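Each chain, letter by letter, is given below.
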Amino acid sequence: MKRKISLIIALCFFINLGKSQSLPILNKSIQGTGENSDWFNAIANDNLGFIYATGYTFNQSKDKDFLLVKMNAAGSVIWNRQINGAGNGFDKAHFIGLDAASNIYICGESDGGSINHNDILVAKYNSSGTLLWTSSYNASAYNQSDVPLAMSVDATGNVFITGSSDRDSTTAGFNDDILTLKYNTSGTLQWAIRFNGAGNATDRGTAIASTNNGGCIITGRTSNGSDDDAVTIKYNATGIAVFTKIFDRGFGTDRAEAIVTDVIGNIYISGRSAVIT
């Protein structure tokens, strides 16, 4: 039996007399071509009311491929696009963003083959569904897993990605560095910055916000050797760290999971922190 990918978008709510009940205005399913899971992971909309959803779809002999779908406000599919990565294996899009011109950027993980393992794949489409460029990132000094965990696109089309990158081949998954990338609107990699924490163990960027001057602010987790602390780093347009802030309550694990900035440049971080019981 084929599984279906379902995207449920609640555009407004009906209120029943006597009790409140939220009802979706539309419920659309898109079925892939193979006998496996298809999935949407992220959604965005533009100022004309079009809806963009990304994730992956299963294709026979090509495993999972990036999937991007454009729908109108009624949920009708305008177009859909797929990308099969270089390794012809699993390719999953996790993030989506739009710039001021309604160009669409998607990012996810891609099978880089037996040598390169997991790579970061980014693609840009215009609003008509034309693929403008793709770019794949592999930390060639290590040839291990590079995983995107957050993406942000600024108004001019700079793309910022943060996540994790394994730095050797012997202890996979236990000594990741925070990896932060910047691409310009043409898809050229501007810089790739690694952060290895004091504990020389697992460090991961989990959220990112672009600034209005070509830079970004990332947050996540860093090991101090005993447990995890929350870390926040601001990079300028050239990839120089303006500041690095560590939040450590002095006991237990502290991990940042989300970030937002306001119009005057204040930064707000949310996550989880251990408590003494």
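Before reading on, note that the structure itself is shown above.
Computed from a predicted structure; not experimentally measured.

Asker: Please explain the sheet that holds strand S10 (residues 104-111) as it appears in this structure.
Answerer: Strand pairing in a sheet relies on backbone hydrogen bonds. The paired strands run either parallel or antiparallel. Taking strand neighbours across the sheet as the criterion, the 4 strands line up as S9-S10-S11-S12 in an open arrangement whose pairing is antiparallel. With one partner strand each, in any of the chains shown, strand S9 (91-98) and strand S12 (131-137) form the two edges of the open sheet. Ignoring strand direction, the axes of neighbouring strands in this sheet form an average angle of 20 degrees. With 6 bridges joining them, strand S11 (residues 118-125) and S12 adopt antiparallel strand pairing. For Val-122, the partnering residue across the bridge sits in S12 and is Ser-135.

Asker: Whenever I open this one, the pattern of salt bridges confuses me. Can you help?
Answerer: Between side chains of opposite charge, a pair can form as their charged atoms come close. Applying the stated criterion across every chain yields a total of 5 salt bridges. For Arg-167, the salt bridge goes to Asp-177, with nearest N and O atoms at 2.4 Å. You can see Arg-167 sitting in the loop between strand S14 (159-166) and strand S15 (176-183) and its partner Asp-177 sitting in strand S15, a full 10 residues away along the chain. Each member of the pair, Arg-167 as well as Asp-177, carries the same accessibility label: buried. Among the charged side chains, a salt-bridge network with shared partners connects Arg-167, Asp-177 and Arg-194.

Parameters and conventions
Sequence order as written defines the numbering, with residues in each chain counted from 1. The predicted origin of the model limits local features to residues at a pLDDT of at least 70 and limits the giving and counting of side-chain atom pairs to 80 or more, whereas totals for whole chains, interfaces and linings rest on all residues. Processing note: side-chain calculations cover all non-hydrogen atoms of the structure and skip hydrogens and water entirely. For two strands to pair, DSSP has to find at least two bridges joining them. Comment: elements are numbered from the N terminus, with helices defined as DSSP H or I runs of at least four residues and strands as E runs of at least two. All axes here are fitted lines through C-alpha atoms, helices being fitted over the stretch that makes contact, and every angle between N-to-C directions spans 0 to 180 degrees. Put simply, a salt bridge is a Lys or Arg side-chain nitrogen that is within 4 Å of an Asp or Glu carboxyl oxygen. Residue exposure (1.4 Å probe, protein chains only): buried if accessible area is under 20% of the type maximum, exposed if over 50%, otherwise partly exposed.

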